[in-house]
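Descriptive analysis of the structure
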Amino acid sequence: QAMSVYYRVHSQTFGWLDWACNGQSAGSAGYAKRIEAIQIVLVKKGGAAPGSTATPYKEAPPSVTYQTYISGGWQRKLAAESPVFSLRGNWTRF
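Below is a short write-up of the structure. (Residues numbered from 1 in each chain as written. Predicted model: local features only at pLDDT ≥ 70, side-chain atom pairs only at ≥ 80, totals over all residues. Heavy atoms only, no water.)

Moving on to the overall build of the protein chain. When its secondary structure is counted, the protein chain shows zero helices and ten strands. Across the protein chain, helices and strands are ordered from the amino to the carboxyl terminus as β-β-β-β-β-β-β-β-β-β. Counting across all 94 residues of the protein chain, residues that qualify as buried make up 18%. When the accessible surface of the protein chain is totalled, it reaches about 7000 Å², and 51% of it is carbon and sulfur. (Helix = DSSP H or I, 4+ residues; strand = E, 2+ residues; numbered from the N terminus. Buried < 20%, exposed > 50% of the residue type's maximum accessible area, 1.4 Å probe, protein only. Areas by Shrake-Rupley, 256 points an atom, 1.4 Å probe, with all protein chains shown as cover.)

Scanning the entire structure with this criterion turns up one salt bridge. Residue arginine 34 is joined to glutamate 36 by a salt bridge in which the shortest nitrogen-to-oxygen separation is 3.3 Å. (Salt bridge = Lys/Arg side-chain N within 4 Å of Asp/Glu carboxyl O.)

What follows is about the environment of glutamine 12. With respect to the helices and strands, the residue glutamine 12 is situated in the loop between β1 (3-11) and β2 (15-16). Residue classification places glutamine 12 among the partly exposed positions, given a relative accessible area of 23%. In this structure the C-alpha to C-alpha distance between glutamine 12 and arginine 34, which are 22 residues apart in sequence, comes to 5.4 Å. Setting aside residues up to four positions removed in sequence, glutamine 12 forms contacts with Ala32, Lys33, Arg34 and Glu36. (Contact = heavy atoms within 4.5 Å.)

The subject of this paragraph is the environment of alanine 54. Mapped onto the fold, alanine 54 is located in the loop between β5 (35-44) and β6 (57-59). When the C-alpha atoms of alanine 54 and tryptophan 19 are compared, they prove to be 7.7 Å apart, with 35 residues separating the residues in sequence.

All right, on to the pairing of β1 then. The pairing of β1 with β5 spans nine bridges and is classified as antiparallel. Looking across to β5, one finds that tyrosine 6 is bridged to valine 41. (Pairing = 2+ DSSP bridges.)

What follows is the structure, given as structure tokens:
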């Protein structure tokens, strides 16, 4: 008899995520969170999922961090939220 395999994971900080099925990704990526538990349920093909299937997987948005070196010293690191680098009128050799 054909079955579907549903599973969900308990992720550090996020708690129980929604159900994934038959090879779908479950858990998270880019957050550095560990999987603390997994629950697996077999359901007859075509049967209802054991719960919500909306968000079985969370992926962090990409981010960029950069640092500049100007005439003898490294400047503080800036994240993607501050993508503009400025000397604010100071003439300095790069």
